Amino acid sequence: MTDHDVMPEGIDPGVPSVARMYNHYLGGKDNFAADRAAAEEFMRVLPGIREMAWANRAFLSRAVTLLAHQGVHQFLDVGSGLPTRENVHEVAHRVAPQARVVYVDIDPIVLAHGRALLQDTPLTSVVRADVREPEALLAHPEIGDVLDLTRPVAVLLASVLHFVPDEALVTRLMSVLRGRLVPGSHVVLSHAFEGDVDDETREAGQRPYRLTGAGGLTSRGPERLAELMDGLEMLEPGVVPVQAWRPERHGDEEEVPVDLTLPAILAVVGRR
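Residues numbered from 1 in each chain as written. Predicted model: local features only at pLDDT ≥ 70, side-chain atom pairs only at ≥ 80, totals over all residues. Heavy atoms only, no water.

A. Focus on the packing of helix α1 (residues 18-25) against helix α3 (residues 49-69). At their nearest, the axes of α1 and α3 sit 9 Å apart, and the two run at 100° to each other. The angle between the axes of α1 and α3 places the two elements in the roughly perpendicular class. On α3, the residues touching Tyr 22, His 24 and Tyr 25 of α1 are Ile 49, Arg 50, Ala 53, Trp 54, Asn 56 and Arg 57. Grouping the constituent residues of the contact of α1 with α3 by class yields 5 nonpolar, 2 polar and 2 charged. (Axes fitted to C-alpha atoms, helices over the stretch in contact; angles between N-to-C directions. Helix = DSSP H or I, 4+ residues; strand = E, 2+ residues; numbered from the N terminus. Parallel < 35°, antiparallel > 145°, perpendicular 65-115°, else oblique. Contact = heavy atoms within 4.5 Å. Nonpolar A, V, L, I, M, F, W, Y, C, P; charged D, E, K, R; others polar.)

Right, here's the structure in full:
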């Protein structure tokens, strides 16, 4: 994508986007020079972010596969980001072709690309809504056209809440989302965690994200993520780095080590 491409109204290619930065981490081409510059600056602070981003996608795929096998055939992917490999509908439909998926985002480019990708895909939709306004999100008529919230649904919050710095708002929006779930529903959550970084490294990591519309990146640790799952039964192994959440192991492969002193993307799945 170049800065001269025709793009949706309201997009300034000179302002980095968290969705397009993430797309760059994954090796995608749906980003501008400003996105790549900001992403590369962050990668100098956290060289392993590409591997973390792919591990986050793999975690999401494993969680969706597990839930689809368990009979959850409705997925609400909030803050879905730009389409990539192993999109939720592709993963879910391998297990349950009747699965219904709604992607939710506020980035106009995410919405345009998602709608173009899914225009001939039944049982899926792309909706503009904001996780920070959960009541409006859940009441969105296009979501209601695809998903039946009186039946089990999996709410996917993959790498989105760390762009909501207000702790009271995060607590409230999670309470609203959990409160609408019927028994058998799940919340799938992944979230940035800085580990035991020093102040200089923390500031260097924040700098590129302050340039984005999100305004920064908020770290939350295992205890806080467990609080956000209040009222839900956390599936084993609880809150762990994404690489360690039910990894696919072959033969005599060792367990994935967990070191919470290191920066990570943490994962947890809760069941109503």
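And the narrative resumes.
B. Up close: empty space enclosed by the protein. Evaluation of the coordinates by the stated rule reveals 2 cavities of 30 Å³ or more. Reported here for the largest cavity is a volume of approximately 130 Å³. Taken together, 15 residues form the lining of the largest cavity, with Ser 80, Gly 81, Pro 83, Asn 87 and Tyr 103 sitting closest to its centre. In terms of residue count, the dominant contributor to the lining of the largest cavity is helix α5 (residues 108-118) (4 residues). Across the lining of the largest cavity, the residue classes break down as 9 nonpolar, 4 polar and 2 charged. The volume enclosed by the second largest cavity comes to roughly 40 Å³. Tallied by class, the residues present in the lining of the second largest cavity amount to 6 nonpolar, no polar and 1 charged. (1 Å grid on protein atoms, 1.4 Å probe; cavity = no way out; pocket = protein on both sides within 12 Å on 5 of 7 lines; lining within 4 Å. Points joined across faces, edges and corners; volume = space filled by probe spheres on them.)

That's the geometry; what it means functionally is another story.
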